[in-house]
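Overview (structure and organization)
Listed below, chain by chain, are the residues.
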Amino acid sequence: MAAEKRYILALDQGTTSSRAIVFKANAQKVCATQKEFTQYFPQPGWVEHDAEELFLCSLAVMQEAVRDAKISPAAICALGITNQRETVVVWDKKTGEPVYHAIVWQCRRTADTIAALSRDDKNELIQSKTGLIPDPYFSATKIKWILDNVKGARARAERGELLAGTIDTWLVWKLTGGKIHVTDYTNASRTMLFNIHTLQWDPELLELFSIPCCMLPQVKDSSCVYGETDKEVCGFTIPIAACIGDQQAALFGQGCFKPGEVKTTYGTGCFMLMNTGTTPIASKSQLLTTIAIGLDGQIQYALEGSVFMGGATIKWLRDQLGLIRTAKECDTLAQSVPDSNGVIIVPAFTGLGTPYWDPYARGLIIGLTRGVTKAHICRATLEGIAFQVKDLLTCMTEDAGLPIKNVKVDGGASVSNIMMQFQSDILDKPIFRPKNVETTALGAAFCAGLAVRLWQSKDELLDIWKVDKIFTPGMAKDKREGLYAQWKRAIERSRGWES
């Protein structure tokens, strides 16, 4: 790598905001910019984004990051993109205009379609090919909904006039001025249309969901040069050298390169992934089998558990209930009481993910008495997030048969010391929090840097990763088991509420 090209630009396109970070060759952050965009909730359980606003927001933070870094774009050797997964956009091939808002991964509008698939005994077919448990969470039924409900969309798609893709695909298409229609293996594996064994869009699944294959992008490695940003669009030309789904990016950014290594990301949702190596493991516990990365022509797989409401639950306390003004205040209040005073919060606002996969579950607060204060509610909120992660690790341990020594954590909510300590206690595992909790963006930067040879190997990346704090379990076994049993009772009361 030429001496002057010693920076990586990472775009972390999330569910509620876009964030751009410039990293040095030693993976130290030079600067970061972030901007929120509009969330649309047209009906209960529906979640949408304006795809054009999302792109402009992403472009703005990229441009601002380059300016704030006070470096020439020529000094940036590559752009790595990591993105919210499963969210889909359908747009006109010629004009670039979306035919409908992006339908977000949290959206539950296609629950009835998923239920019909179950009645028709299609679950096993889908799971055997994709590794996914059929759920509205994934992309296939979202694309189908757009084609079925937007006037003229299906006919246009069948004529080859429309393109579809997850957010990485949309961003690359826009950033290259409409020249490149591509995705990577990790994002493709989240669509419920991609066969993770043959590594192809599956004809039988495309027929099942009535989706023309011509709409879908070419699938490539997560770490490779896809093309360059268009100067007229971006104001600069940089190789786009990585696309990787956000949770897989965090797994890679945490240095979980070996089978049995586990990370949990506490973002809008919580996502636990375990690297299982080059062999996919079929789950018996409703976990997902997914692609961890495509690198140097080799596929690595992972087991994944998904919690729909993680850090978003804290935001709910702030924005909808008005109990707190900042996330930090939630921690302060939670630390002011010794426990939740018997309160359990199940944040199933958009259904339950792993291992329940119940789109009809809804959130509840149970155990309320006159002695409950907002401090107890805050503590119960943090504990509810940690309980959901406990559900995931329990399943993962049973399925993989691999020893789990510790769990690496990242994401915005992982800065909460009180939640991380409770997480360690309820898991009975050490929690490793890295110095750089921006591991999603760092994973995208690592992938991009490897593609352009800024870094030569994964071993070089492991030398960069540093731990900040280790949380060790200290809760008695009987207390841990009692609290978890109480959580499981609350979960059962939340299930099937809308059915």
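What you are looking at is a predicted structure, and each value in this text was computed from that prediction instead of being measured.

**Digging into the overall build of the protein chain**
Across its full length, the protein chain holds 17 helices and 23 strands. Taking 499 residues into account, the globule formula puts the C-alpha radius of gyration at 23 Å, and the protein chain, at 22 Å, falls close to it. If you line up the protein chain on its principal axes, its C-alpha atoms span 60 × 55 × 45 Å. With 499 residues in all, the protein chain has 61% of them scored as buried. Long-range contacts, defined as pairs at least 24 residues apart, comprise 72% of the intrachain contacts of the protein chain with a sequence gap of at least 6. Only carbon and sulfur atoms are counted for the fraction: they give 49% of the accessible area of the protein chain, which is about 18,900 Å². Distance between charge centres in the protein chain, computed from 55 positive and 54 negative side chains, equals 4 Å.

**Quick notes on the environment of Glu52**
Topologically, Glu52 is positioned in helix 1 (residues 51-68). Here Glu52 falls in the partly exposed class, since its relative accessible area comes to 25%. Sequence separation of Glu52 and Ala102 is 50 residues, and the distance between their C-alpha atoms is 9.1 Å. Ignoring sequence-local partners within four residues, the contact set of Glu52 consists of Trp170 and Lys174.

**Some remarks on the sheet that holds strand 15 (residues 262-266)**
Across the sheet, which stays open at both edges, the seven strands sit in the order 17-18-16-15-21-22-23 with mixed pairing between neighbours. The open sheet has two edge strands with one neighbour each: strand 17 (288-295) and strand 23 (467-471). Sheet twist, expressed as the average angle between the axes of neighbouring strands with direction ignored, equals 30°. Sheet topology places strand 16 (residues 270-277) next to strand 18 (residues 298-307); seven bridges connect them, and they run antiparallel. The partner of Met272 across the bridge, within strand 18, is Gly305. Sheet strands in contact with helix 13 (residues 374-400) are strand 15, strand 16, strand 18 and strand 21 (407-410), and its direction is about 140° off that of strand 18.

**Topic: the side chain of Asp92**
Here Asp92 shows up in strand 6 (residues 88-92). Residue classification places Asp92 among the buried residues on the basis of a relative accessible area of 12%. A distance of 2.8 Å separates the side chain of Asp92 from the backbone nitrogen of Thr95, its partner in a polar contact. Residues in contact with Asp92, not counting those within four places in the same chain, are Glu97, Val99, Arg156, Glu161, Leu162 and Trp173.

**So, the sheet that holds strand 14 (residues 239-245)**
Taken in spatial order, the six strands of this open sheet run 3-2-1-5-14-13, and their pairing is mixed. Edge strands, defined here as strands with exactly one partner in the open sheet, are strand 3 (29-36) and strand 13 (223-228). Between one strand axis and the next, the sheet turns by 25° as a mean value, whatever way the strands run. The pairing of strand 5 (residues 76-83) with strand 14 spans five bridges and is classified as parallel. Its bridge partner being in strand 14, Thr82 is matched across the sheet by Ile244. Here helix 10 (residues 246-253) sits on the sheet in contact with strand 5 and strand 14, set at roughly 100° to strand 14.

**Considerations on helix 4 (residues 139-149)**
By the criterion of burial, helix 4 is predominantly enclosed, with eight of the eleven residues buried. Among all positions in helix 4, only Ser139, Ala140, Thr141, Lys142, Ile143, Trp145, Ile146 and Leu147 are buried. Those residues of helix 4 that are buried are in contact with strand 6, strand 7 (102-103), helix 2 (111-119), helix 5 (153-158) and strand 8 (162-166).

**With respect to the pairing of strand 1 (residues 7-13)**
Taken across its seven residues, strand 1 has six buried, putting it largely inside the fold. Looking at chain direction, strand 1 and strand 2 (residues 17-24) are connected through seven bridges and run antiparallel. Bridging across to strand 2, Leu11 finds its partner in Ala20. In this structure, the hairpin formed by strand 1 and strand 2 is closed by a connection of three residues.

**With respect to the nonpolar core**
Tyr266, Val346, Val407 and Trp487 are the most contacted members of the largest nonpolar core, which totals 57 residues. Of all the elements, helix 13 adds the most residues to this core, at 14 residues. The next biggest cluster of nonpolar side chains, apart from the first, holds 52 residues, and it includes Ala157, Tyr301, Ala302 and Trp357.

**Let's talk about the environment of Ala445**
With respect to the element layout, Ala445 can be found in helix 15 (residues 439-451). For Ala445, a relative accessible area of 0% corresponds to the buried category. Residues Ala445 and Gly80 lie 365 residues apart in sequence; the distance between their C-alpha atoms is 5.3 Å. Beyond its immediate chain neighbours, meaning those up to four positions away, Ala445 contacts Ile8, Ala10, Phe23 and Trp455.

**Overview of the packing of helix 13 against helix 14 (residues 417-427)**
Relative to each other, helix 13 and helix 14 sit at 40°, their axes nearing to 9 Å. The angle between the axes of helix 13 and helix 14 places the two elements in the oblique class. As helix 13 runs across helix 14, the sense of the crossing is right-handed. Each of Arg379, Leu382, Glu383, Ile385, Ala386, Phe387, Val389, Lys390 and Leu393 in helix 13 lies in contact with helix 14, whose residues at this interface are Ile418, Met419, Phe422, Gln423, Ile426 and Leu427. Residue classes in the contact of helix 13 with helix 14 are distributed as eleven nonpolar, one polar and three charged.

Rules of the game
Sequence positions are assigned chain by chain, starting from 1 and proceeding in written order. In keeping with the model being predicted, local features are shown solely for residues with a pLDDT of at least 70 and side-chain atom pairs are shown and tallied solely at 80 or more, while totals for entire chains, interfaces and linings include all residues. Derived side-chain values reflect all non-hydrogen atoms in the structure, with water molecules and hydrogen atoms excluded from consideration. Only DSSP runs of H or I reaching four residues or more are called helices, and only runs of E reaching two or more are called strands; each is numbered from the N terminus. Computation of the radius of gyration draws on C-alpha atoms, with the globule rule given as 2.2 Å multiplied by the number of residues to the power 0.38. Only protein chains enter the accessibility calculation, which uses a 1.4 Å probe; a residue is then buried when its area is under 20% of its type maximum, exposed when over 50%, and partly exposed in between. Contacts between residues were defined by any pair of non-hydrogen atoms, one from each residue, lying within 4.5 Å. Shrake-Rupley sampling with a 1.4 Å probe provides the accessible areas, and residues are treated as covered by the protein chains on show and by no other component. For the purpose of charge, His is not counted, nor are the chain termini; Lys and Arg are scored as positive and Asp and Glu as negative. The atoms used to mark charge sites are NZ of Lys, CZ of Arg, CG of Asp and CD of Glu. Strand pairing follows a simple DSSP-based rule, namely that at least 2 bridges must link the two strands. In this analysis, axes come from line fits to C-alpha atoms, helices being fitted only over the stretch in contact, and the angle between any two N-to-C directions falls in the range 0 to 180 degrees. Residues adjacent in sequence count toward polar contacts only when both atoms are side-chain atoms; beyond that, a polar contact is any pair of N or O atoms within 3.5 Å, and within protein one must be able to donate a hydrogen and the other to accept it. Definition used in this section: a nonpolar core is a set of buried Ala, Val, Leu, Ile, Met, Phe, Trp, Tyr and Cys residues joined via side-chain atoms within 4.5 Å. Oblique is the label for any angle not under 35 degrees, not over 145, and not in the 65 to 115 range, which are roughly parallel, roughly antiparallel and roughly perpendicular in turn. Crossing handedness is defined as follows: a turn of the near helix away from the far one that is anticlockwise and smaller than a right angle gives a left-handed crossing, while the clockwise case is right-handed. Residue classes follow a fixed rule: Ala, Val, Leu, Ile, Met, Phe, Trp, Tyr, Cys and Pro count as nonpolar, while Asp, Glu, Lys and Arg count as charged, and any other residue, Gly among them, counts as polar.

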